[in-house]
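Take a look at the letters that make up each chain.
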Amino acid sequence: MAEAAETKKISAWRALGMALGDRKTGFMLLFGFASGLPFALFLGTLFAWLTEAEVDLETMGIFSLIGLAYAFQFLWSPLIDKVNIPMLRKLGRRKQWIVPMQLLLGAILITMSLLEPRTQLGWFSLLAGIGAFASATQDIAINAWRIDVADERATIDILSTVYQMGYRLSSLVGGALGLIIAARIGWPQTYMMMGGILLFVGFVGLWAPNASGVAEENQGDEQVRALRMAGELNPHIRNRALALVGLLWAGAIGIVLAFMVMSMTYAPEDRPNPTEFTVNVGPWIIVATIILPALIAGWLASQKKQGKHLLSEDAPPVSGGSYALDHLYRALVLPLVEFVGRMGWSLVLILAVVLTYRICDAIWGTFAYPFYLGELEYTNDDVAFASKFFGVGAIIAGLALGGLMLTTIGRMATLLIGGILAALTNLLYADMAIGGANMQAFSDAVGFTYLIEQVPGIGDAELARLTITIAFENLAIGIAGAAYIAWLSSIVSKKFSAVQYALLSSLTLLVGTLGRGALGEMIENQGYYDVFILTTWIGLGAAVLVCIEWWRESRSKAAAGIVAPEAGESVPAE
């Protein structure tokens, strides 16, 4: 038994080494970096530039609207899955979107570097908005590329971990390092440098590998043709479902566009509030674009399973309007039908995990700086050192450890351990909220306080207490993040990866946004300590859901007669 376990361990290490040596892994690191850099520059560092340019706060509030591009990116994900860009299709199904978006982002950043924010704010805001949509579009395509190219060597677990490493590195480069560079050479030169980096990534991305297996260029057409084969749903039934889903999505897109037009064109006092829009309208957009379409998709899947409303023989090929409707159904409804039909009632459990596993991190980010600076009264330099430099290093270390755990003990075990650790780190912050005596004693005992005291200028015992708390939290976040992205990537189908992943990841992002108002009110009424106890229980509840999902997956594989894969083996859904 011991010998078999040792052989398995050696095999896992060998698989890890092969994956890290695969060229897909190298490009994944590059794409992860390119994915995170625009986010840091448009939704973080840009506000520092605007502040230095003496742009008023109310005007800067408009720039927060570009965050909607990331929150609602699933609304145009069907286009990324279906539409081919003329003359760029030869690059590959995903690269035809990734490379142009990276080149466009590079050009936008360089153009912004040539503008003066205060006197040319109109052009400046327009470019930032276009850049955010290009960045979100790039994210959709990169996430789909990661799922498409995963194989037995470059597994989805390793690719997901490496992607996040690149993403976190870019947040450091575009955030803290960007501020340091700008203080020395100026903001225009800094953004020009960042734009040059993205142009370089876009050029190198031309050589990224495409998915193997079924020819990419034929995949969509084959799916459309298959819709009119015997045993498929009657086109009349499909078209009714398409009309309902299309109306729901069109309404949601119209509401988002109307909100953005009002925000950009109305007088400051008449502009709608972005936070109120996300909190009050966001849930209804989720209902209209995910919940109700999922119910419709579930009904279609049940009809097919029961043998109702099916074609008894192959239907003849169609053209014109009917052909266009088939393509629309394939782009918008079929991804949901496939996912709901494959998961069945298990989808309820999966959505519960999606909605709870990362909710603490998603909500907490907004209140981190008020807690560090206001409640604990640390300085900007203290927080920059602890959270930006040391903290990012801790996250990358956590991602590396998470990747190793994925390879050696498996995806679900890592997902569970990461979830428990991430939940328990809230107790460390609870201790900090009441003085941090325990964290200080631990830091002193392990010699960490002595090390931090050697940092010139800012190192002291109080900084050590904050730094070690953030380090433990970020280490846990790294492990949990590596496992979560790998798990999320593993449950979507390669055939519809762009749409299905975008829907699930958007749920993760939006639930955190929606919960911030309630959490902020709780902080005001009860203080931070009670909030950290609550988030600990939420995190532990998510861990319980992961246990149930682990059991469901194991039972499903056993019922299907599938031998559970070895740790680190990747079997994304086809």
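Everything below is about the structure printed above this text.
Residues numbered from 1 in each chain as written. Predicted model: local features only at pLDDT ≥ 70, side-chain atom pairs only at ≥ 80, totals over all residues. Heavy atoms only, no water.

**Here's the deal with the overall build of the protein**
Inference 1: Across its full length, the protein holds 24 helices and zero strands.
Inference 2: The burial tally for the protein puts 53% of its 574 residues in the buried class.
Inference 3: Restricting to contacts in the protein with at least 6 residues of sequence separation, those with at least 24 account for 83%.
Inference 4: Looking at the protein as shown, the accessible area adds up to about 25,100 Å², and 66% of this sits on carbon and sulfur atoms. (Helix = DSSP H or I, 4+ residues; strand = E, 2+ residues; numbered from the N terminus. Buried < 20%, exposed > 50% of the residue type's maximum accessible area, 1.4 Å probe, protein only. Contact = heavy atoms within 4.5 Å. Areas by Shrake-Rupley, 256 points an atom, 1.4 Å probe, with all protein chains shown as cover.)

**Thoughts on empty space enclosed by the protein**
The rolling of a water-molecule-sized probe over the atoms marks out the regions of remaining empty space.
Inference 1: Counting across every chain of the model gives three cavities of 30 Å³ or more.
Inference 2: Taken as a whole, the largest cavity spans an internal volume of roughly 120 Å³.
Inference 3: As for the largest cavity, its lining consists of Ile290, Ala294, Leu336, Phe339, Val340, Leu347, Leu351, Gln500, Leu503, Leu504 and Leu507.
Inference 4: Looking at the lining of the largest cavity, the elements that each hand over two or more residues are helix H13 (282-305), helix H15 (334-343), helix H16 (346-356) and helix H23 (497-526).
Inference 5: Tallying contributions element by element places H23 first for the lining of the largest cavity, with four residues.
Inference 6: Its residues assigned to classes, the lining of the largest cavity shows ten nonpolar, one polar and no charged.
Inference 7: For the second largest cavity, the calculated volume is near 90 Å³.
Inference 8: Taken together, Thr356, Tyr357, Arg358, Cys360, Asp361, Gly419, Ala422, Ala423, Asn426, Gly539 and Ala542 form the lining of the second largest cavity.
Inference 9: Only helix H17 (359-375), helix H19 (411-433) and helix H24 (528-559) provide two or more residues apiece to the lining of the second largest cavity.
Inference 10: The greatest single-element share of the lining of the second largest cavity, amounting to four residues, is contributed by H19. (1 Å grid on protein atoms, 1.4 Å probe; cavity = no way out; pocket = protein on both sides within 12 Å on 5 of 7 lines; lining within 4 Å. Points joined across faces, edges and corners; volume = space filled by probe spheres on them. Nonpolar A, V, L, I, M, F, W, Y, C, P; charged D, E, K, R; others polar.)

**Comments concerning the packing of aromatic side chains**
Inference 1: Evaluation of the coordinates by the stated rule reveals 23 aromatic pairs.
Inference 2: A ring pair is formed by Tyr163 and Tyr167, whose centres lie 6.1 Å apart and whose planes are at 45°; its orientation type is tilted. Taken together, the residues span about one helical turn, with Tyr163 and Tyr167 both in helix H8 (residues 156-185) at a distance of four residues.
Inference 3: Residue Tyr163 is classed as buried on the basis of its relative accessible area, which comes to 8%. (Phe/Tyr/Trp six-rings, centres within 6.5 Å; stacked < 30°, edge-to-face > 60°.)

**Let's talk about H19**
Inference 1: For H19, built from 23 residues, the straight-helix expectation of 33 Å at 1.5 Å per residue is met to within 8% by its first-to-last C-alpha distance of 34 Å.
Inference 2: With its phi angle positive at about 120°, Gly435 sits one or two positions after the end of H19. (Expected span 1.5 Å × (residues − 1).)

**Digging into the packing of H8 against helix H22 (residues 461-490)**
Inference 1: For the pair H8 and H22, the least separation of the axes is 8 Å and the interaxial angle reads 130°. As summarised for this structure, H8 and H22 are arranged oblique, according to the angle between their axes. As H8 runs across H22, the sense of the crossing is right-handed. Contacts between H8 and H22 involve Ile156, Asp157, Ser160, Thr161, Gln164 and Arg168 from the first element and Ile477, Gly481, Ala482, Ile485, Ala486 and Ser489 from the second.
Inference 2: The class makeup of the residues in the contact of H8 with H22 is five nonpolar, five polar and two charged. (Axes fitted to C-alpha atoms, helices over the stretch in contact; angles between N-to-C directions. Parallel < 35°, antiparallel > 145°, perpendicular 65-115°, else oblique. Left-handed = near helix turned anticlockwise from the far one by under 90°.)

**Looking at helix H9 (residues 187-204)**
Inference 1: Spanning 18 residues, H9 covers 26 Å between terminal C-alpha atoms, matching the ideal 26 Å at 1.5 Å per step.
Inference 2: Turning to H9, its buried residues number three or more, namely Trp187, Thr190, Tyr191, Met194, Gly195, Leu198, Val201 and Gly202. The buried residues of H9 occupy one face: seen down the axis, they fall within an arc of 135°.
Inference 3: Those residues of H9 that are buried lie in contact with helix H2 (23-52), helix H6 (95-113) and H8. (Arc of directions from axis to C-beta.)

**Brief notes about the nonpolar core**
Inference 1: Counting residues in hydrophobic clusters, the biggest one holds 126 residues, and the most contacted among them are Phe42, Phe72, Phe74, Leu300, Tyr329, Trp487 and Ile491.
Inference 2: With 13 residues, the top contributor of residues to this core is helix H7 (residues 121-149).
Inference 3: Once you skip the residues sitting within four places of it in the chain, Leu300 turns out to touch Leu233, Ile237, Ala241, Tyr329, Val333 and Val337.
Inference 4: Ala386, Phe448, Leu519 and Val531 belong to the second-largest nonpolar core, a separate cluster that totals 26 residues. (Core = buried A, V, L, I, M, F, W, Y, C linked by side-chain atoms within 4.5 Å.)

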